[in-house]
Amino acid sequence: MELLSREAMLTAVILMVICSSAGCAEPHDVRLVDGSARCDGAVEVFYNGDWRRMRGDQWTKREAAVVCRQLDCGSGVAAMERESERDRGEQGISFDCQGSESALSECRIREISAFSSCAASVCSDSMRLVDGPGVCSGRLEVKSHQSWTTVCEAGFDWQDAEVVCRELDCGPPLNLQGALFGEGKLPFGTKEFQCNGTENRLLNCSTSDREENTCTSGKAVGLTCSEVRLVDGSSRCDGAVEVFHSGSWRRVRGKEWTWEATVLVCRELDCGSAIASTWRISKRDEDKQGVSLDCNGSESALSQCSIRRYDGLQFYAVSICSEPIDVRLVNGSSRCDGTVEVFTDGDWRKVMGDVWTRIEAAVVCRQLDCGSAVAATKRKSERDGGEQGVSIDCGGSEPDLSECGIHKNHFMQFYAASACSGILVKPIISFSAPISVSRGLQGPEVLWGHSFTITCSTQPQYPGGSFHLKLPWKNRNHTQSAVNHSASFLFPAADDSHQGNYSCVYENQEIFQNRFKEEYEEHHDDGSPRPFNYNFSSESEPLSLIITGPLSSTIINIKLLVFFVMLFLMLIICLTIFLIVKTRGYFFIRNTPGAVQKTVSLQSRAEEQQNVGREAGEKLPIDLKQEKD
C-alpha cells in the first residue's frame, strides 16, 4: 500500500511538470511572458501543441483588450511591438479581433508565418472599463479581494477620472456620468477614492470606507477618456489629427488617412458630420514622431484601428468636421422649456420666431434629450426696434441643429420658443411606517397588518397638478391633488396584495399663448393667436415593497422548535455515548490480566481494612467498660 502511494505521488509530480511545460494547455490558451508580472509581457498563444509568439506588426489595442479580458487582468493599457530575440524564421501567429470578445478563441486567425517583431501587452490588473465602444470608455470596475466590483458615482470626481484615464494610457477625461454605460451585474464596492489627480494608478490613491447599500441604480460610474483630438485649426473640430499613444499625443501619418477615419474622428469628438479629409507636409521635427493607423471602416472608435509607432513622418492627417451647434432653452420652467438660444460666433443668440415651426422644435428637443416637441411658439422682442439673431431651417429628421441650415445676422422682432414633452422633472417616491422595519436589499419592508404611507413629491415647477400612485395590482391607481407639490397615500393595514412595485405619476396642465404655425392655420381663420392647453406627465422610479407577515413568524417559530429539538437529541446522544464508554471501560479493565491482579490486591486490602475495623469495633465496648469501672 505504501509503495502504491509513493508511485501515485511520483506520477502526480511528473504530470504537474509536464503540464507546467505546456503539455496540458488548451488550444488558444494565452499567457504573457518576460514581463514584470502575469499581466505584462510578450504575448504567447498555445496553438497546435506549442506556445507561439504573436506577430507584433498586426497587434492592436483590440487584440490586447481581449487578451487582458481572457487573463482576468482588467483593461488593456498598451499594445506594443517588440523586436523578436528569437530566430527570425520562427513561425508566429496573428488574430483579428473586434475587441469585445471574451477570449482569443472567438477571434479570427489571420495567418501563421515568420515574423521579425513580437506583440506585447500591458494590462491594468486591478481596474477596467467595460461595455464601452472602445478601450478608453465604459463602466468603471475595480478588483477588490480578487473580486470585481462596480464603482459608485458618489464621491468619484474629475480628479479620480484623470487617474483612471492616465492608467489606461488614454487622453484626459471627456465625460463622467452615472450609468452612462449601464449598471452591470456586479455589486458596488465599499471604497471611495480620493485622488489628487497626479497618481499613475487608481490603487495609489487614498481611500475611505463608504456605507454599504447606499449606492442606488443609475449611479455606476461611466467614463469616457479622450483618444483623439484636432489641433492647429480654426476650432476644436478642425485641424491636424493627433491620437494619444504610449503616454503622449502623436500626429497621424497622412498617406493612409481615409474618409472613413475622418468620419470616426468627427463622431468621437461630437463634431457633427465630416466635411474634408486631407493631409499636410510635416515641417517641425516633433511632428515627424507619429503613428500609423489602419482602419477597415467597421470600427466604432479610432482606438479599434490598427495603430503602431511611425518615425520620419513626412505628411500628417487633417480632418475638418462641421461645427457643433450648442442649443439651450432659457427663461422657462425647466431645461426643456423656454426661449431658444444657439451658441455661434462666441455668443448665445436668439432664433427668429417668424419662421420657427414644430419641425425645428423637434430637432431642438431631440438634441437636448427632452422628448418630443409639444409647442413651437414665438415671443415679441423686449428691445425697441428688435435685435439681431439667426434663422434655422430643418427637415425634421436631423439629430441636432448642426445639420440644419443656419443663417446668421438676421434682424428680428419675434424670437422662437419651444416646449418639449420632458418639461416636468421626475417626481420622487418615498416610504414611511410607524413601526421601524429593516430595509431589505430589494426595497423597504412592512409588517403584515400594520399601516404604511407612500409619499409622492416633485420640485416646485408649476402650481397645482395631481399625483397618481400606480399600485401593484393591475390597472389600479390612487389619485390625489398636489398640495405644496406633494401628496401622501395612507394604507391602514398591509396584506399580501400590497407587495410589489409602486410608482408616482405627476400630471399638470400648461397653457401656451401661441400655437405653432401649422396647427394655428389649420384650426383658426381670424388671424389672432389663441391660448391652448397641454397635459404634461412624468413618472418616478419604481419602489418595491415587501410584506413580511404571519407566515414569516410561523417559519421562524418552526426553525426555533427544530433547533431546540436537535439540541435535545444531541444531549441524549452525548449522554448515551458517555454511559457506553463508562460501562465498556469497566469491563475492559476487568478483563485485563494486569488489571485483575490489581483488582485482587485492592480487594485484599479492602478486606484487611474491614477486619481491622471489626476488631476495633469489638474492642471498643471493653475499653468503654473499663473506663466506666
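Description of the structure in this document.

Calculation criteria
- Chains are numbered independently. Their residues run from 1 in the order of the written sequence.
- Only residues with pLDDT of 70 or above have their local features reported here, since the model is predicted, and side-chain atom pairs are shown and tallied only from 80 upward, although totals for entire chains, interfaces and linings are computed over all residues.
- In computing side-chain properties, one takes all heavy atoms of the structure into account and sets aside hydrogens as well as water.
- Nonpolar cores were defined as sets of buried Ala, Val, Leu, Ile, Met, Phe, Trp, Tyr and Cys residues, with membership established by side-chain atoms within 4.5 Å.
- The buried label applies to any residue whose accessible area, calculated with a 1.4 Å probe on protein chains only, is under 20% of its type's maximum; exposed applies above 50%, and partly exposed to all values in between.
- Starting at the N terminus, helices and strands are each numbered in turn, a helix being any DSSP run of H or I of at least four residues and a strand any DSSP run of E of at least two.
- Should any heavy atoms of two residues lie within 4.5 Å, those residues are considered in contact.
- The rule for pairing is simple: two strands pair if DSSP sees at least two bridges between them.
- Axis definition: a line fit to C-alpha positions, over the contact stretch in the case of helices; interaxial angles, taken between N-to-C directions, run 0 to 180 degrees.
- Working definition: a disulfide is two cysteine sulfur atoms within 2.5 Å of each other.
- The salt bridge criterion pairs a side-chain nitrogen of Lys or Arg with a carboxyl oxygen of Asp or Glu, the two atoms within 4 Å.

**Overview of the nonpolar core**
Residues Phe-452, Leu-469, Phe-491 and Tyr-502 are the most contacted members of the largest nonpolar core, which totals 24 residues. Those elements giving two or more residues to this core turn out to be strand E31 (452-457), strand E32 (466-470), strand E34 (486-491), strand E35 (500-512) and strand E37 (543-548). Not counting the four nearest positions on each side in its chain, Tyr-502 is found in contact with Ile-429, Phe-452, Ile-454, Leu-469, Lys-470, Leu-471, Pro-472, Phe-491, Glu-541, Pro-542, Leu-543 and Leu-545.

**Quick word on the sheet that holds E34**
With antiparallel pairing, three strands are arranged side by side in an open sheet as E29-E31-E34. The open sheet has two edge strands, strand E29 (428-432) and E34, and neither has a second partner. The sheet shows a mean angle of 20° between the axes of neighbouring strands, direction not considered. Looking at chain direction, E31 and E34 are connected through six bridges and run antiparallel. Each residue of the ladder has a partner; that of Thr-455, found in E34, is Ser-488.

**Observations concerning the state of the cysteines**
Following the criterion strictly, the structure yields 11 disulfides and no others. Here Cys-39 engages in a disulfide with Cys-73; their sulfurs sit 2.0 Å apart. The sign of the -70° torsion about the S-S bond sets the Cys-39-Cys-73 disulfide as left-handed. With Cys-39 in the loop between strand E1 (30-37) and strand E2 (40-47) and Cys-73 in the loop between helix H2 (61-70) and strand E4 (75-83), the pair connects residues that are 34 residues apart, well separated along the chain. What makes Cys-39 buried here is its relative accessible area of 5%.

**Some details on the pattern of salt bridges**
Counted under the stated rule, the structure contains 21 salt bridges. Where Asp-209 meets Lys-191, a salt bridge forms, and the shortest distance between an N and an O atom there is 2.9 Å. Here the residue Asp-209 occupies a position in strand E13 (residues 206-209), and Lys-191 occupies one in strand E12 (residues 191-194), the gap between them amounting to 18 residues. Its relative accessible area of 62% is what places Asp-209 among the exposed residues. On the accessibility criterion, Lys-191 (44% relative accessible area) is partly exposed. Between Glu-242 and Arg-229 there is a salt bridge, and its shortest N-O distance comes to 2.8 Å. One end of the pair, Glu-242, is in strand E16 (residues 238-245); the other, Arg-229, is in strand E15 (residues 228-235), and 13 residues separate them in sequence. Residue Glu-242 is classed as buried on the basis of its relative accessible area of 8%. The structure contains a network of salt bridges with shared partners spanning Asp-72, Arg-128, Asp-131, Arg-139, Glu-141 and Lys-143.

Purely geometric stuff here, so don't read any function into it on its own.
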